[in-house]
Amino acid sequence: MQRREVLRILATGTALQLAPAKLLVFAREVRTLMASQAAPRTLNAHQAATVATIAELILPRTDTPGATDVGATAFIDLILTEWYNDADRSRFLSGLADVDARSQRLFGKNFVDCTALQQSEILTDLGAQMMEEEERLRDQPPAFGEPPADLNFYSMLRRLVLTAYYTSEAGATQELHFEMIPDRYEGCAAPEEGGTTAK
């Protein structure tokens with residue numbers, strides 16, 4: 001699987017539609033790409049901490065791993081760096097800055113320095129805004145041939161966190177209970193060495 005193909009699949013969120021054997025190849029390629037990044041390339045340290053905090057609020061650690069356990073921040077930085085165009089990257093980073101601006105207005109400190117309750121209040125507001133925009137788009141869909149309206153920041157981030165999580169080994173096996181099954185039937189396969197055959 002080529003690097004560009006891996007990134008295309010990540011960005012479109014179609015990874016879980018792959019055949020099981022291909023899904024494992026895909027997951028290995030993504031983790032290889034993430035491991036090759038020594039440090040975030042698009043997000044600075046503060047932005048990465050903000051993304052990690054929000055990701056963990058969206059998918060917290062319970063009896064299964066959380067978003068930070070599966071490297072959601074590195075995944076998001078990879079997509080921002082390798083796949084997003086300048087406009088999408090700028091919209092994402094502006095939305096991230098707006099989270100701190102909201103936090104400063106309400107609580108006089110950056111999002112990562114707020115209490116969990118204060119952080120939840122901000123995310124609740126962002127979620128409500130996202131729902132309103134989605135409802136408006138349902139009522140006024142774009143005309144035929146027009147591109148869909150831009151996603152807001154929280155919608156973009158949430159989609160990236162969910163994709164990062166459910167394409168990870170922990171997300172697929174512990175949350176989705178994904179089990180590897182063959183993606184093809186081999187009816188005439190020779191029996192394994194030492195096996196028995198029907199008589």
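Residues numbered from 1 in each chain as written. Predicted model: local features only at pLDDT ≥ 70, side-chain atom pairs only at ≥ 80, totals over all residues. Heavy atoms only, no water.

1. Notes on the overall build of the protein chain
Just so we agree on the cut-off: Strands are runs of DSSP state E lasting at least 2 residues, helices are runs of H or I lasting at least 4, and numbering of each runs from the N terminus. For every residue, the accessible area obtained with a 1.4 Å probe (protein chains only) is divided by the maximum for its type, and the residue is called buried under 20%, exposed over 50%, and partly exposed between those limits. Any two residues whose heavy atoms approach within 4.5 Å at even a single point are treated as in contact. Each accessible area value is a Shrake-Rupley result obtained with a 1.4 Å probe; residue values ignore everything except the protein chains displayed when judging cover.
Scanning the protein chain for helices and strands turns up 8 helices and 0 strands. Residues counted as buried form 37% of the 199 residues belonging to the protein chain. The long-range fraction of contacts in the protein chain, counting pairs at least 24 apart against all pairs at least 6 apart in sequence, stands at 68%. Just so you have it, the protein chain exposes about 11900 Å², and 53% of that area is on carbon and sulfur atoms.

2. So, the side chain of Thr 73
Relative to the helices and strands, Thr 73 resides in helix α4 (residues 72–82). Since its relative accessible area comes to 14%, Thr 73 is described here as buried. The residues contacting Thr 73, other than those within four sequence positions of it, are Leu 43, Ala 48, Val 51 and Ala 52.

3. Section: the environment of Glu 121
As for its placement among the helices and strands, Glu 121 is situated in helix α6 (residues 116–139). Once the C-alpha coordinates of Glu 121 and Leu 106 are considered, the two residues, 15 residues apart in sequence, prove to be 9.9 Å apart.

4. Section: the packing of aromatic side chains
Going by this rule: Ring pairs are drawn from Phe, Tyr and Trp, using the six-membered ring of Trp, whenever the two centres fall within 6.5 Å, and their geometry is named by plane angle: stacked under 30 degrees, edge-to-face over 60, tilted for the rest.
Summed over all chains, the structure comprises 1 aromatic pair. Their ring planes at 65° and their centres at 5.2 Å tell us that Phe 92 and Phe 153 sit as a pair that is edge-to-face. With Phe 92 in helix α5 (residues 86–107) and Phe 153 in helix α7 (residues 153–166), the pair connects residues that are 61 residues apart, well separated along the chain. We classify Phe 153 as buried; its relative accessible area is 8%.

5. Let's talk about the nonpolar core
One recurring pattern in soluble globular proteins is that nonpolar side chains are buried together. Selection rule: Residues grouped as a nonpolar core are buried Ala, Val, Leu, Ile, Met, Phe, Trp, Tyr and Cys residues, joined through side-chain atoms within 4.5 Å.
Within the largest apolar cluster, 32 residues are counted, with the highest numbers of intra-cluster contacts made by Ile 54, Ile 76, Phe 92, Leu 157 and Val 161. Those elements that provide at least two residues to this core are α3 (45–58), α4, α5, α6 and α7. Here the element with the most residues in this core is α7; it accounts for 9 residues. Excluding its chain neighbours within four sequence positions, the residues that come into contact with Ile 76 are Val 51, Phe 92, Leu 157, Leu 160 and Val 161.

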